[in-house]
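Given next are the chains, with one letter for each unit.
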Amino acid sequence: MIRILLSIALIGAALGAATVGILGFQGSMMRKPPFELFPDMDRQAKLRPQEPNHFFANGVSSQLPPAGTIARSEVIHTANGEVYAFEDSPVNTGKVSGTTNFVETNPMMVNEAMLQRGRERFDIYCAPCHGRLGDGNGITKKIGVMAAVANLHDKRIIELTDGEIFDTITHGKNTMGAVGPLLPTQDRWAVVAYLRALQLSWLGTKDDLTPAQQATLK
Ligand code: HEC
């Protein structure tokens, strides 16, 4: 028994010595090209940047983006400076950076042009279900495609944070599908801003008018 074990150990040691003898230690210098059992990804059929390549007419591997290409990293101008699409920022997520809490207010600069844009986008992307007034009586309800569509003037929805509404537009909610893939970030915030204006318009009372305006009321 001992003899068998001993001879196995001896054979093992001899094999090990032979392997190291022929191939050398890992990482040691050699004149001959390395012996590759598994080449892994040492050589790849790829083009290195800034190198000559005869496949393309202009003879270089790095090509300029085709005309009309829109960069994924296009900068977004917010009320607090510039943000890129890949950043963990309220503009992109609707949430306070590094948390799961929704932001209270629209991080974009809200102005008239933005509200106009929001109105246009709302009428295209939201009105078919929620109605142009946002009361949940869009065409899809009338023709019976959607049964219950949220009335955006509900107290609960008025009380949602801007970030949560942005999130609902982006990812959808329950029976409402995601509109995010159809609306770029800036447009989603424009819709949020316009929705706020729409909600406010329903909450208006006589007291919001100037005395002069009140006098003209019938
Ligand atoms: C295809 C129909 C459809 C479209 C388009 C649509 N919605 Fe909705 N939306 C719904 C339905 C249905 C609900 C109710 C979902 C539920 O069952 O809670 C809803 C719910 C909501 C809510 C309430 C979410 C909550 O927390 O309860 C908001 C806010 C909202 N939609 C905003 C929008 C905005 C803004 C747009 C346009 C960008 C839009 N929706 C487009 C169908 C739609």
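An account of the accompanying structure is given in this report. Every value quoted in this text rests on a predicted model; they were computed, and no experiment measured them.

Details of the packing of aromatic side chains
1) Next: Summed over all chains, the structure comprises four aromatic pairs.
2) Next: Between Phe-166 and Trp-189, the ring centres sit 4.1 Å apart and the planes meet at 10°, which makes this aromatic pair stacked. With a gap of 23 residues between them, Phe-166 in helix 7 (residues 162-171) and Trp-189 in helix 8 (residues 185-203) connect regions that are remote in the sequence.
3) Next: A relative accessible area of 1% means that Phe-166 is categorised as buried.
4) Next: Note on Trp-189: relative accessible area 0%, which makes it buried.

Here we look at the coordination of the iron atom of the ligand
1) Next: Here the iron atom of the ligand is held by His-130 (NE2) and Met-176 (SD), and the distances to it run 2.0 to 2.2 Å.
2) Next: Angles of 88 to 179° at the metal separate the six donor atoms of the iron atom of the ligand, which places the site in the octahedral class. With a gap of 46 residues between them, His-130 in helix 4 (residues 127-130) and Met-176 in the loop between helix 7 and helix 8 connect regions that are remote in the sequence.
3) Next: In this structure His-130 comes out as buried when scored by relative accessible area, which is 10%.

Structural notes on the side chain of Ser-89
1) Next: Position of Ser-89 among the secondary structure elements: in the loop between strand 2 (81-84) and helix 2 (90-93).
2) Next: The exposure class assigned to Ser-89 is buried, which follows from its relative accessible area of 9%.
3) Next: In contact with Ser-89, other than residues within four places in its own chain, are Val-83, Gly-94, Lys-95 and Ser-97.

Points about a nonpolar patch on the surface
1) Next: Judged by side-chain polarity, Met-1, Ile-2, Ile-4, Leu-5 and Ile-8 come together as a nonpolar surface patch covering roughly 610 Å² of accessible area.
2) Next: Relative to the helices and strands, Met-1 resides in the segment before helix 1 (2-23).
3) Next: Take Met-1: its relative accessible area is 74%, and that puts it in the exposed class.

Points about the pattern of salt bridges
1) Next: Applying the stated rule across the entire model yields eight salt bridges.
2) Next: The salt bridge partner of Arg-132 is Asp-123, with a shortest N-O separation of 2.8 Å.
3) Next: Note that Asp-162 is salt-bridged to Arg-196, the shortest N-O span being 2.7 Å. Taken together, the positions of Asp-162 in helix 7 and Arg-196 in helix 8 put the pair 34 residues apart, joining distant regions of the chain.
4) Next: Accessibility expressed as a relative area gives 9% for Asp-162, which makes it buried.

A closer look at unusual backbone geometry
1) Next: Even without a glycine there, the phi angle at Gln-50 is positive, about 60°.
2) Next: By secondary structure assignment, the location of Gln-50 is in the loop between helix 1 and strand 1 (75-78).
3) Next: At Asn-174, a position not held by glycine, the phi torsion is positive, near 45°.
4) Next: Within the element layout of this structure, Asn-174 appears in the loop between helix 7 and helix 8.
5) Next: With relative accessibility at 81%, the residue Asn-174 sits in the exposed group.

Side note on the environment of Gly-27
1) Next: Along the chain, the position of Gly-27 falls in the loop between helix 1 and strand 1.
2) Next: For Gly-27, a relative accessible area of 76% puts it in the exposed group.
3) Next: The spacing of Gly-27 and Ser-89 is 62 residues in sequence and 45 Å in space, taken between C-alpha atoms.

Structural notes on helix 8
Residues lying three or four places apart along an α-helix face the same way, a consequence of the helix completing one turn every 3.6 residues.
1) Next: With 19 residues, helix 8 extends 28 Å between its outermost C-alpha atoms, agreeing within 8% with the 27 Å of an ideal straight helix rising 1.5 Å per residue.
2) Next: Within helix 8, the full set of buried residues consists of Thr-185, Asp-187, Arg-188, Trp-189, Ala-190, Val-191, Val-192, Ala-193, Tyr-194, Leu-195, Leu-198 and Gln-199.
3) Next: Looking at the buried side of helix 8, the elements it contacts are strand 1, helix 2, helix 3 (112-125), helix 6 (155-158) and helix 7.

Points about the layout of surface pockets
1) Next: The space that makes up the largest pocket amounts to roughly 600 Å³.
2) Next: Around the largest pocket, the lining comprises 24 residues; the ones closest to its centre are His-130, Ala-150, Leu-152, Thr-168 and Met-176.
3) Next: Breaking the lining of the largest pocket down by element, the ones donating at least two residues are helix 3, helix 4, helix 6, helix 7 and helix 8.
4) Next: Sorting elements by how many residues they give to the lining of the largest pocket places helix 7 first, with three residues.
5) Next: Each residue belonging to the lining of the largest pocket can be placed in one class, and the counts come to 17 nonpolar, five polar and two charged.

Calculation rules
- Residues numbered from 1 in each chain as written.
- Predicted model: local features only at pLDDT ≥ 70, side-chain atom pairs only at ≥ 80, totals over all residues.
- Heavy atoms only, no water.
- Phe/Tyr/Trp six-rings, centres within 6.5 Å; stacked < 30°, edge-to-face > 60°.
- Helix = DSSP H or I, 4+ residues; strand = E, 2+ residues; numbered from the N terminus.
- Buried < 20%, exposed > 50% of the residue type's maximum accessible area, 1.4 Å probe, protein only.
- Donors = N, O, S within 2.8 Å, 3.2 Å for Na, K, Ca; no water.
- Tetrahedral: all angles 85-135°; square planar, octahedral: opposite > 155°, others 65-115°.
- Contact = heavy atoms within 4.5 Å.
- Patch = residues over 30% accessible without salt bridge, like charges linked within 9 Å, V, L, I, M, F, W, Y side chains within 5 Å.
- Areas by Shrake-Rupley, 256 points an atom, 1.4 Å probe, with all protein chains shown as cover.
- Salt bridge = Lys/Arg side-chain N within 4 Å of Asp/Glu carboxyl O.
- Expected span 1.5 Å × (residues − 1).
- 1 Å grid on protein atoms, 1.4 Å probe; cavity = no way out; pocket = protein on both sides within 12 Å on 5 of 7 lines; lining within 4 Å.
- Points joined across faces, edges and corners; volume = space filled by probe spheres on them.
- Nonpolar A, V, L, I, M, F, W, Y, C, P; charged D, E, K, R; others polar.

Keep in mind these values describe shape, not function.
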